[in-house]
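Take a look at the letters that make up each chain.
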Number of protein chains: 4
Amino acid sequence: MIRVGVIGYGYWGPVVARNFSGAEGCQLAAVCDKNPAALERAKKAFPGILVSTDPSEVLHSSEIDAVAVITPVWTHFEFAKAALQNGKNVFVEKPFTASAAEASELIDLAASRKLRIMVDHTFLFTGAVRKIRQLIDEGVLGKLYYYDSSRVNLGLFQHDVNVIWDLAPHDLAIMNYLIDAEPVSVSATGQCHLNGLEDMAYLTVYFPAMLAHINVNWLSPVKVRTTLIGGEKKMVMWNDLEADEKVRVYDKGVDITSGQGVYDLLVSYRSGDMWVPRVDQTEALKLEAKYFIECLEKNQAPFNDGLAGLRVVRLLEAAAESLKHRGRPVDL
Amino acid sequence: MIRVGVIGYGYWGPVVARNFSGAEGCQLAAVCDKNPAALERAKKAFPGILVSTDPSEVLHSSEIDAVAVITPVWTHFEFAKAALQNGKNVFVEKPFTASAAEASELIDLAASRKLRIMVDHTFLFTGAVRKIRQLIDEGVLGKLYYYDSSRVNLGLFQHDVNVIWDLAPHDLAIMNYLIDAEPVSVSATGQCHLNGLEDMAYLTVYFPAMLAHINVNWLSPVKVRTTLIGGEKKMVMWNDLEADEKVRVYDKGVDITSGQGVYDLLVSYRSGDMWVPRVDQTEALKLEAKYFIECLEKNQAPFNDGLAGLRVVRLLEAAAESLKHRGRPVDL
Amino acid sequence: MIRVGVIGYGYWGPVVARNFSGAEGCQLAAVCDKNPAALERAKKAFPGILVSTDPSEVLHSSEIDAVAVITPVWTHFEFAKAALQNGKNVFVEKPFTASAAEASELIDLAASRKLRIMVDHTFLFTGAVRKIRQLIDEGVLGKLYYYDSSRVNLGLFQHDVNVIWDLAPHDLAIMNYLIDAEPVSVSATGQCHLNGLEDMAYLTVYFPAMLAHINVNWLSPVKVRTTLIGGEKKMVMWNDLEADEKVRVYDKGVDITSGQGVYDLLVSYRSGDMWVPRVDQTEALKLEAKYFIECLEKNQAPFNDGLAGLRVVRLLEAAAESLKHRGRPVDL
Amino acid sequence: MIRVGVIGYGYWGPVVARNFSGAEGCQLAAVCDKNPAALERAKKAFPGILVSTDPSEVLHSSEIDAVAVITPVWTHFEFAKAALQNGKNVFVEKPFTASAAEASELIDLAASRKLRIMVDHTFLFTGAVRKIRQLIDEGVLGKLYYYDSSRVNLGLFQHDVNVIWDLAPHDLAIMNYLIDAEPVSVSATGQCHLNGLEDMAYLTVYFPAMLAHINVNWLSPVKVRTTLIGGEKKMVMWNDLEADEKVRVYDKGVDITSGQGVYDLLVSYRSGDMWVPRVDQTEALKLEAKYFIECLEKNQAPFNDGLAGLRVVRLLEAAAESLKHRGRPVDL
């Protein structure tokens with residue numbers, strides 16, 4: 001039985017706690033938050049567990065095997081480090097840390113203590129992302145041409161991070177999970193309009209043979225959660241706001257045959273059937289919590305480990321650097 | 001009566017010819033195309049006009065007051081220059097020219113001859129763009145925050161220009177028309193996948209107090225023609241693929257009031273009614289042809305003159321330069 | 001303080017209990033269900049209240065002022081009658097009763113005991129229906145031409161009632177609430193395909209000067225919740241599946257001017273702006289529970305009283321009769 | 001070479017003329033219309049053909065093998081009869097005739113003269129309808145449960161026929177084409193609001209084991225062209241307003257297994273992939289014109305012959321009768 005303590009019981013903490021509480025082989029043992037009202041809610045939802053305003057009660061408890069850090073990003077490093085130093089595995093909210101240096105230090109610490117880190121890239125456990133990964137694995141899409149994602153809506157404004165650190169970790173984690181190549185450089189543009197933090201931004205990530213683009217915006221009148229993935233054989237549109245038809249697979253594309261000169265290239269269009277595969281609707285975090293427990297039980301590294309978290313943080317740092325210089329490319 | 005000759009009778013030429021033919025005060029006098037089959041079609045559609053495979057017949061004819069140049073972009077300069085040198089006003093397909101230098105030379109030439117140049121930025125005459133311009137003029141949107149446009153679909157691949165030169169002139173012309181400020185710098189990213197020309201690209205254009213972003217792509221499985229315009233008071237979504245509800249005006253936004261520290265900024269969201277104004281459905285080119293004739297009759301400069309064309313070409317050149325360096329910003 | 005007991009704690013009962021529990025001036029005092037597992041859930045959600053498998057404990061308790069009957073329709077009469085006989089006000093799930101005779105008996109009984117009946121036509125408390133009612137009241141729509149509603153989806157099949165008794169009470173209650181006239185006759189058609197109960201049906205309700213049509217179907221591959229309301233001045237489309245834009249008001253219509261003969265009628269179309277008013281998002285049942293308590297406190301009849309319930313039941317009975325004869329009209 | 005004369009050159013006549021003009025083995029020989037302006041347009045479009053304001057010139061010409069009657073419905077009988085009497089095959093606009101008696105007389109006349117009648121049920125030649133027919137033929141949908149069509153929009157009001165005679169022939173012809181059974185009875189409801197003719201109507205057509213419903217309305221603020229077809233194995237949604245994704249095939253349904261009593265029926269829902277087959281985009285009338293010529297050349301009866309036209313007219317008559325009595329079912 002893995003005993004889990006949760007630090008941070010604001011918006012996402014209760015969802016994490018509920019899913020660990022329901023996971024087989026797992027016992028929700030403690031909840032910590034500096035807000036007493038939050039602890040009241042935790043007590044009511046999970047009678048009998050330890051609740052505390054003091055993180056060290058969780059971090060030092062001998063009754064706890066793993067700590068879930070569901071707090072603002074600038075505190076991830078401090079809590080995760082203490083947890084690892086006290087021999088506990090960690091489950092850390094995304095983005096993993098506020099800097100690549102912090103991420104690397106946590107990875108090294110975990111390795112030296114033989115502990116596990118999982119970064120909460122929840123979207124990787126959705127039916128939609130798993131289905132797209134399957135389509136890629138089965139060769140349905142063919143060679144990938146591009147990944148293009150929009151994640152825009154009105155608010156919620158954050159006070160501590162800009163829109164890239166708030167929204168782009170989702171897309172960067174999914175992008176890294178789906179694309180079997182390492183990014184080469186990043187160009188980011190964006191602007192602040194209200195509170196001194198960028199509220200809209202555009203990231204282009206160059207890979208050796210393809211491109212990714214991510215559009216994040218807190219100032220959009222409409223909510224959009226759409227990702228296009230262009231492949232040589234087929235193309236995918238994933239609209240996460242659709243209730244039933246999230247993933248659409250288009251048999252559309254371009255075939256090109258070279259003639260004798262540049263103007264002799266023959267481009268022909270393909271436009272065949274479209275197909276909406278059924279996508280598993282299981283709550284993503286439920287699967288992720290189960291997987292975390294399994295990884296600890298089997299002593300194996302999760303695919304969304306510290307390294308996966310670090311890769312996202314590096315991209316965020318590069319994007320921040322590029323953004324300061326209005327799109328100047330930053331090599332990775 | 002203004003007598004117009006059309007050079008280039010491929011896809012767009014017949015539409016231009018038909019609209020000049022129907023414009024009051026205008027007489028379609030000649031059509032020129034190197035393809036005899038095109039001329040057969042022209043003859044049938046407009047019995048009695050001069051048709052010729054030789055542009056100089058149009059360019060030198062004393063029976064012609066204005067020449068419409070509806071040919072591939074690399075030929076615009078040559079034809080427009082000859083027309084101006086022969087004392088004719090010109091109507092030039094977008095983009096105006098293949099380089100800013102060419103554009104400047106034509107502008108100077110027209111000025112010295114007291115002739116008029118109009119660049120065919122057709123979209124500026126659509127009901128949707130005119131309505132948005134009206135909303136801005138009336139202060140409905142308030143201070144503009146951003147302009148964000150997507151113009152993507154499958155093909156048509158061009159053999160002579162990349163996707164930026166093919167599709168972005170529309171968006172850049174509209175952007176220039178709607179935003180009352182001069183762009184400061186451009187960052188562009190993109191990639192080629194098939195025939196050596198970029199088939200997808202993203203442009204960010206910085207203005208002093210706002211941002212524009214343009215997404216053009218020949219490799220998208222779905223067709224998108226959507227522009228979001230964020231304003232302080234209201235926001236607009238223009239979906240050009242909607243038959244009846246092209247322009248949506250959202251009473252949505254963010255109000256911010258500063259407290260005593262950065263964390264004391266109070267952000268509140270506004271979400272009121274949405275409104276779809278009726279938009280005039282008159283064919284844009286019909287209005288544009290009429291306006292061209294009026295400008296010549298009244299001897300006044302059109303707002304879509306050579307200078308407007310040059311502004312777009314400068315942005316295209318800057319984008320091409322930035323694209324070569326993966327997003328490196330290019331100052332304007 | 002009004003003390004409410006809830007009988008029936010299946011799907012809808014917990015929602016009703018939660019809303020009465022949160023209503024000012026109201027105390028949730030008891031929950032009754034024959035299923036012990038349901039009672040366990042009730043106990044956990046509302047610690048300290050009376051739970052029982054025996055309805056008579058609620059119906060006879062001197063600690064209870066009002067009973068909410070949230071059970072299958074064939075049991076409404078029995079429970080509501082007992083409650084009224086024991087001096088308790090009642091809140092009854094829709095449809096009110098299984099027959100008009102039962103409804104009339106309950107209405108008479110309540111009147112003689114000076115007790116109140118409210119029928120749970122929840123939709124009347126949604127922001128969308130209240131907004132439409134407001135548009136009608138303010139004369140925005142003008143004279144009504146028709147009411148046309150579709151409520152279709154896959155399942156859920158009921159074992160005790162056909163699709164008319166299951167789904168149409170919503171539409172009939174809304175229709176009665178919005179149309180200021182009495183229905184004249186009903187024609188209903190439909191068919192059974194699976195379990196001997198009609199799984200799809202169409203109702204036409206004739207009013208003196210307008211028409212209503214209701215389409216209910218358990219066998220549709222897509223979920224539809226759309227109502228069109230045609231008016232002389234404006235028309236409304238209410239799509240309840242839209243998150244933000246539920247009510248659309250179209251300035252569209254037909255103007256007719258008579259000439260000298262039937263063929264001289266001049267029909268002209270009007271197509272102006274469209275407008276999506278902001279709609280209150282408060283949970284409908286929360287407002288309804290509050291209203292029930294207020295009606296009891298102020299001793300006033302609710303607008304969704306027994307009579308409103310009876311009007312719906314009469315339409316259901318007429319529709320059932322017509323359905324048996326493949327559309328034969330049944331006068332009301 | 002089949003020589004075709006077209007009577008009626010208003011809205012649809014030119015489309016018919018153009019398609020016969022382009023059909024292999026066919027020569028457009030004459031156009032007749034009482035409106036001289038229409039004839040001017042015909043002359044310009046088809047130089048060299050006979051144009052006339054007098055139908056008898058077409059009906060009696062020895063240079064004509066077939067007559068296309070594209071006139072108001074009340075004139076179909078007169079023109080088609082004269083054509084047949086003069087030894088010409090006929091192509092008649094839908095609805096075939098103004099009464100079943102007229103239709104029968106024409107069918108008998110054609111049989112006795114060994115001439116062919118084709119009724120212009122154009123929709124049967126669309127890619128969408130042909131694809132749905134194919135899905136039914138291949139058993140993809142399984143046993144059909146229902147056919148449910150909506151054809152609503154604002155206008156165009158007709159002066160000579162109500163909305164049923166104007167719009168429902170499309171749906172009735174498609175329904176007859178797709179359903180391999182004979183209709184048993186019709187119930188129709190509807191209402192007039194403006195010019196004395198019903199401007200909205202609902203038809204239910206009973207078949208032995210399934211149901212069809214057709215909703216036609218000239219007073220709708222939104223245009224809808226959607227048909228749902230429920231089958232035991234799969235269900236289809238055909239949205240004719242979609243540019244690319246007209247036909248959607250849902251692997252959704254209900255499986256039912258009987259237990260030991262009525263309440264033991266086990267209903268389980270199926271929800272699998274959705275699939276949008278590519279649909280041929282060829283202009284329907286082009287295929288129909290080609291088919292007409294082939295039927296004449298091969299001397300074979302078209303599937304959309306006079307009998308198919310009569311079946312639609314019988315349904316229209318029955319619907320008109322039912323409509324007068326507010327839904328009273330009329331047996332066929």
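Residues numbered from 1 in each chain as written. Chains lettered and ligands numbered in written order. Predicted model: local features only at pLDDT ≥ 70, side-chain atom pairs only at ≥ 80, totals over all residues. Heavy atoms only, no water.

**Q** Explanation requested: the overall build of chain A in the structure shown.
**A** Along chain A, the regular secondary structure elements total nine helices and 15 strands. On C-alpha atoms alone, chain A measures out to a radius of gyration of 21 Å, which is about the 20 Å that the 2.2 N^0.38 rule sets for 332 residues. Seen along its three principal axes, the alpha-carbon backbone of chain A occupies a region of about 75 × 40 × 40 Å. Every one of the 332 residues in chain A was classed for burial, and the buried ones make up 60%. Entry remark: accessible area of chain A is about 12,900 Å², with carbon and sulfur atoms responsible for 51%. Of the charged side chains in chain A, 34 are positive and 41 negative, and the gap between their average positions amounts to 2 Å. (Helix = DSSP H or I, 4+ residues; strand = E, 2+ residues; numbered from the N terminus. Rg over C-alpha atoms; globule rule 2.2 N^0.38 Å. Buried < 20%, exposed > 50% of the residue type's maximum accessible area, 1.4 Å probe, protein only. Areas by Shrake-Rupley, 256 points an atom, 1.4 Å probe, with all protein chains shown as cover. Lys, Arg positive; Asp, Glu negative; His and termini not counted. Charge placed at Lys NZ, Arg CZ, Asp CG, Glu CD.)

**Q** Sorry if this is basic, but what is going on with the relation of the copies chain D and chain C here?
**A** Mapping chain D onto chain C leaves a residual RMSD of 0.0 Å; the transformation is a rotation of 180° accompanied by 0.0 Å of translation along its axis. These values place the two chain copies in the arrangement generated by a two-fold rotation axis. Scanning chain D for the C-alpha nearest the rotation axis identifies R328(D), at a separation of 2.1 Å. Interface overlap between copies: 100% of the residues of chain D at the interface are likewise at the interface in chain C, consistent with a symmetric, same-surface contact. (Least-squares fit on C-alpha atoms with pLDDT ≥ 70 in both. Contact = heavy atoms within 4.5 Å.)

**Q** What am I meant to see in the interface of chain A and chain B here?
**A** Interfaces are often described in size by the accessible area the parts lose on coming together. If you look at the interface, chain A gives 54 residues, while chain B gives 54 residues. The largest per-residue losses of area from chain A upon contact with chain B belong to Y206(A), P221(A) and R326(A), which jointly make up 15% of the total buried on that side. At the boundary of chain A with chain B, the tally comes to zero salt bridges. Those elements that provide at least two residues to the side of chain A that touches chain B are β7 (144-154), β8 (185-192), β9 (198-206), β10 (211-217), β11 (219-231), β12 (235-239), β13 (247-257) and β14 (266-276) of chain A. Along the lines of polarity and charge, the residues of the side of chain A that touches chain B split into 31 nonpolar, 17 polar and six charged. (Buried area = accessible area lost by both parts, 1.4 Å probe. Salt bridge = Lys/Arg side-chain N within 4 Å of Asp/Glu carboxyl O. Nonpolar A, V, L, I, M, F, W, Y, C, P; charged D, E, K, R; others polar.)

**Q** Before we go on, may I ask you to explain the environment of Y291(C) in this structure?
**A** Within the element layout of this structure, Y291(C) appears in helix α8 (residues 284-298). For the pair Y291(C) and E245(C), spaced 46 residues apart in sequence, the C-alpha to C-alpha distance is 26 Å.

**Q** Which parts of the structure should I look at to understand the pattern of salt bridges?
**A** When their charged atoms lie close together, side chains carrying opposite charge are able to pair. Within this structure, the stated rule accounts for 72 salt bridges over all chains. For E283(A), the salt bridge is made with R18(A), and the minimal N-O distance between the two is 3.1 Å. In this pair, E283(A) is assigned in the loop between β14 and α8 (284-298) and R18(A) in helix α1 (residues 13-22), connecting sequence segments 265 residues apart. Under the relative-accessibility criterion, E283(A) is labelled partly exposed at 31%. Of the charged contacts in the structure, one is a salt bridge between R133(C) and D180(C), with a shortest N-O distance of 3.1 Å. Pair noted here: R133(C) is in helix α6 (residues 127-137) and D180(C) is in the loop between α7 (163-178) and β8 (185-192), with a separation of 47 residues, a long-range link. Residue classification places D180(C) among the exposed residues on the basis of a relative accessible area of 62%. Beyond isolated ion pairs, a larger network of salt bridges with shared partners links E245(A), R248(A), E245(D) and R248(D).

**Q** Sorry, what's going on with unusual backbone geometry here?
**A** What is expected of a backbone is that most residues other than glycine have negative phi and most peptide bonds are trans. That bond from K94(A) to P95(A) is cis: its omega, -10°, falls within 30 degrees of zero. Here P95(A) is to be found in the loop between β5 (89-93) and α5 (100-113). Even without a glycine there, the phi angle at K114(C) is positive, about 55°. Examined against the element boundaries, K114(C) turns out to sit in the loop between α5 (100-113) and β6 (117-120).

**Q** When you look at the interface of chain D and chain C in this model, what are you seeing that I'm missing?
**A** At the junction of the two partners, chain D supplies 54 residues and chain C supplies 54 residues. For the chain D face of the interface with chain C, the top three residues by lost area are Y206(D), P221(D) and R326(D), together amounting to 15%. The interface formed by chain D and chain C contains zero salt bridges. Scanning the region where chain D abuts chain C turns up 17 residue pairs in polar contact (both at pLDDT 80 or more). (Polar contact = N/O pair within 3.5 Å; in protein donor to acceptor, adjacent residues only side chain to side chain.)

**Q** Would you take a moment to explain the sheet that holds strand β4 (residues 66-69) of chain A for this structure?
**A** Sheets are built from strands that pair by backbone hydrogen bonding, the pairs being arranged parallel or antiparallel. Residues and elements named next belong to chain A. The six strands lie next to each other as β3-β2-β1-β4-β5-β6, forming an open sheet whose pairing is parallel. A strand with exactly one partner marks an edge of an open sheet, and here the two such strands are β3 (50-52) and β6 (117-120). The average undirected angle you get between the axes of adjacent strands in this sheet is 20°. Where β5 meets β6, four bridges bridge the pair, whose relative direction is parallel. In the strand pairing of β6, E93 is matched with D120. Here helix α2 (residues 36-45) sits on the sheet in contact with β2 (26-32) and β3, set at roughly 175° to β3. (Pairing = 2+ DSSP bridges. Axes fitted to C-alpha atoms, helices over the stretch in contact; angles between N-to-C directions.)

**Q** I tried to follow the nonpolar core on my own but got confused; where do I start?
**A** Residue and element names in this part refer to chain A. Counting residues in each nonpolar core, the largest one holds 107 residues, and the members touching the most others are F20, I164, L172 and M175. The element best represented in this core is helix α7 (residues 163-178), accounting for 10 residues. Not counting residues up to four positions away in its chain, the partners in contact with L172 are L203, V205, I214, V312, L315 and L316. (Core = buried A, V, L, I, M, F, W, Y, C linked by side-chain atoms within 4.5 Å.)

**Q** I tried to follow the relation of the copies chain A and chain B on my own but got confused; where do I start?
**A** Between the two copies of this chain, the relationship is a rotation about some axis together with a displacement along it. At an RMSD of 0.0 Å, chain A and chain B line up after a rotation of 180° and a shift of 0.0 Å along the axis. Comparing interface residues between copies, 100% of those in chain A also lie at the interface in chain B; the contact surface is shared.

**Q** Even after reading the chapter, I still don't get the pairing of strand β9 (residues 198-206) of chain C, so can you show me in this structure?
**A** Here is the key point about a regular strand: its side chains alternate between the two faces of the sheet. Residue and element names in this part refer to chain C. Of all nine residues making up β9, nine are buried, and the element is well covered by its neighbours. Sheet topology note: the β8/β9 ladder contains eight bridges and is antiparallel. Residue pairing in the sheet places S187 in a bridge with T204 of β9. Taken together, the seven bridges between β9 and strand β10 (residues 211-217) define a ladder with antiparallel strand orientation. Note that in β10 the partner of Y202 across the bridge is N215. Counted along the chain from β9 to the antiparallel partner β10, the turn is four residues long.

**Q** Help me understand the packing of aromatic side chains, please; the structure alone is not making it clear to me.
**A** Aromatic rings in a pair are described by how distant their centres are and how their planes are angled relative to each other. Per the counting criterion, the structure on display carries 36 aromatic pairs over all chains. For R151(C), the ring lying beneath its charged end belongs to F123(C), and the centroid distance is 4.8 Å. Over the ring of Y206(C) we find R326(D); its NZ or CZ atom is 4.2 Å from the centre of that ring. (Phe/Tyr/Trp six-rings, centres within 6.5 Å; stacked < 30°, edge-to-face > 60°. Lys NZ or Arg CZ within 6 Å of the ring centre and 35° of its normal.)

**Q** Looking at this model, I keep getting lost on the packing of helix α1 (residues 13-22) of chain B against helix α8 (residues 284-298) of chain B. Mind explaining?
**A** A packed helix pair is summarised by two numbers, namely the angle formed by the two axes and the spacing between the axes. All names here are of chain B. Where α1 meets α8, the axes come as close as 9 Å, and the angle between the chain directions of the two elements is 55°. The angle between the axes of α1 and α8 places the two elements in the oblique class. Where α1 crosses over α8, the two elements pack in a sense that is right-handed. Contacts between α1 and α8 pair V15, V16, N19 and F20 from the former with L285, K286, A289, F292 and I293 from the latter. (Parallel < 35°, antiparallel > 145°, perpendicular 65-115°, else oblique. Left-handed = near helix turned anticlockwise from the far one by under 90°.)

**Q** Honestly, the pairing of strand β1 (residues 2-7) of chain C in this entry has me stumped. Any pointers?
**A** All names here are of chain C. The buried fraction of β1 is high, at five of six residues. As judged from the four bridges shared by β1 and strand β4 (residues 66-69), these two strands associate in the parallel manner. Paired with G5 across the bridge in β4 is V67.

**Q** Help me understand the side chain of N215(C), please; the structure alone is not making it clear to me.
**A** Relative to the elements of secondary structure, N215(C) occurs in strand β10. Contact partners of N215(C), with chain neighbours within four places excluded, come to S149(C), S150(C), R151(C), V152(C), A201(C), Y202(C) and D148(D).

**Q** How do you make sense of the environment of S268(B) when you look at a structure like this?
**A** Residue and element names in this part refer to chain B. Its location among the elements puts S268 in strand β14 (residues 266-276). S268 sits in the partly exposed class, given a relative accessible area of 37%. As for S268 and A201, which are separated by 67 residues in sequence, their C-alpha atoms are 35 Å apart. Setting aside residues up to four positions removed in sequence, S268 forms contacts with G253, V254 and D255.

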